[in-house]
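# Structural features, examined
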Amino acid sequence: GAVVSQHPSWVICKSGTSVKIECRSLDFQATTMFWYRQFPKQSLMLMATSNEGSKATYEQGVEKDKFLINHASLTLSTLTVTSAHPEDSSFYICSARDRVKQFFGPGTRLTVL
Amino acid sequence: DQQVKQNSPSLSVQEGRISILNCDYTNSMFDYFLWYKKYPAEGPTFLISISSIKDKNEDGRFTVFLNKSAKHLSLHIVPSQPGDSAVYFCAASAPTAGTASKLTFGTGTRLQVTL
C-alpha cells in the first residue's frame, strides 16, 4: 500500500520558536494533502487542506499565519508552527490522497515547553 | 458540533468473540464512510469503507453495516484477536465539487481484546 512519511516523529521546542514538520508521499504523487491535529483522547481534527501549487485551505478557527503550510511538490507538504506555545503541544498527522484512497503518516508529537 | 459520534469510548471483548463498534452521524450529506485503526503514537491505517449506496461491505474478518435511515454504521470484527486491540475511528465524507473530499472523524473507540 501507499506510504506516507513524516519527519520528525517527535520534537520538543521552547516557547516562541518555530517548528517545521515534513510530510512526504513515498510512492505516489499527491495533489492534495491534509493536516490533522489530535489532542489526547480526542478525535482527529482537520486543520487544513494543502493543494500542490496553490494556497492551503484552512478550517474554521485555525490561524493560517500561525500554521504555515507549503505544498511545494507532488510528494512534499510542510507544516510550520510559528511562535509555538505550550497549547500547541499536540500530535500532528498528515495525510496524502491518491486517486482513490487517503493514507496517513505516522504523526509528529510536538511538545512546547 | 460533532457530526460523527462514537458514543462508546472503550470496549473490551474476549478473544474469539465478536467486536461491534458503533458510529452515528448527523450530516445527511455524508455519502462515504470509513473505519480506521490507530495504535498509540502512529497514524491511522485504513480498514474498510462503505458507500451510501450499499448497506454492507465485508473484508475478511471485518464487516461494516450502514443504516442510512438511522444514520448509523457499525464495524463487526469476528473473530476478535489480541492484535485487534487499538483505537478505531469512524470517518465520513460528503461530496464536494471540484475539491478533494474532507474526512470528518469520530472521537474513537478503544478496543481491548482479552485472552
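Look above for the structure.
Bear in mind that the values here come from a model prediction, so they are computed numbers and not experimental data.

## Re the interface of chain B and chain A
Contact with chain B, which involves 16 residues of that partner, is made by 19 residues of chain A. Both sides together, the interface formed by chain B and chain A hides about 1,300 Å², and carbon and sulfur atoms give 61% of it. Summed over the shared surface of chain B and chain A, the number is one salt bridge. Ionic pairing is found between Glu59(A) and Lys102(B), a salt bridge with its closest N-O pair at 3.1 Å. For the pair chain B and chain A, the number of links is seven residue pairs in polar contact (both at pLDDT 80 or more).

## Details of the environment of Arg24(A)
All names here are of chain A. With respect to the helices and strands, the residue Arg 24 is situated in strand β3 (residues 19-25). With 74 residues separating them in the primary sequence, Arg 24 and Asp 98 have C-alpha atoms 13 Å apart. The residues touching Arg 24, leaving out its near neighbours within four places in the chain, are Val 3, Val 4, Ser 5, Met 33, Thr 75 and Leu 76. At a separation of 3.4 Å, a polar atom in the side chain of Arg 24 contacts the side chain of Glu 22.

## Comments concerning the pattern of salt bridges
Residue and element names in this part refer to chain A. This structure, assessed with the given rule, holds four salt bridges over all chains. Across the pair Glu 22 and Arg 24 runs a salt bridge, and its minimum N-O distance is 3.4 Å. In this structure Arg 24 comes out as partly exposed when scored by relative accessible area, which is 33%. Between Lys 66 and Asp 88 there is a salt bridge, and its shortest N-O distance comes to 2.9 Å. Note that Lys 66 is positioned in the loop between β6 (57-58) and β7 (67-73) and Asp 88 in the loop between β8 (76-81) and β9 (90-97), a separation of 22 residues in sequence.

## Let's talk about the state of the cysteines
Residue and element names in this part refer to chain A. Summed over the entire model, instances satisfying the criterion amount to two disulfides over all chains. Here Cys 23 connects covalently by a disulfide to Cys 94, the sulfurs 2.0 Å from one another. Around the S-S axis, the bridge from Cys 23 to Cys 94 shows a dihedral of about 75 degrees and counts as right-handed. On the criterion of sequence distance, the pair formed by Cys 23 in strand β3 and Cys 94 in strand β9 is long-range, its members being 71 residues apart.

## A short note on the sheet that holds β8(A)
Residue and element names in this part refer to chain A. A sheet is described by the order of its strands in space; here four strands give the open sequence β1-β3-β8-β7, paired in antiparallel fashion. Looking at strand neighbours, the two that pair on one side only are β1 (4-7) and β7, the edges of this open sheet. Strand-to-strand twist of the sheet, defined as the mean angle between neighbouring strand axes without regard to direction, takes the value 15 degrees. Looking at chain direction, β3 and β8 are connected through six bridges and run antiparallel.

## Topic: the sheet that holds strand β1 (residues 4-5) of chain B
Spatially, five strands are ordered β1-β3-β8-β7-β6 (chain B) in an open sheet, and the strand pairing comes out antiparallel. With partners counted over all chains shown, the strands left at the sheet margins are β1 and β6 (56-59) of chain B, one partner each.

Rules used throughout
- Residues numbered from 1 in each chain as written.
- Chains lettered and ligands numbered in written order.
- Predicted model: local features only at pLDDT ≥ 70, side-chain atom pairs only at ≥ 80, totals over all residues.
- Heavy atoms only, no water.
- Contact = heavy atoms within 4.5 Å.
- Buried area = accessible area lost by both parts, 1.4 Å probe.
- Salt bridge = Lys/Arg side-chain N within 4 Å of Asp/Glu carboxyl O.
- Polar contact = N/O pair within 3.5 Å; in protein donor to acceptor, adjacent residues only side chain to side chain.
- Helix = DSSP H or I, 4+ residues; strand = E, 2+ residues; numbered from the N terminus.
- Buried < 20%, exposed > 50% of the residue type's maximum accessible area, 1.4 Å probe, protein only.
- Disulfide = S-S within 2.5 Å.
- Pairing = 2+ DSSP bridges.
- Axes fitted to C-alpha atoms, helices over the stretch in contact; angles between N-to-C directions.

These figures come from the coordinates and say nothing about function on their own.
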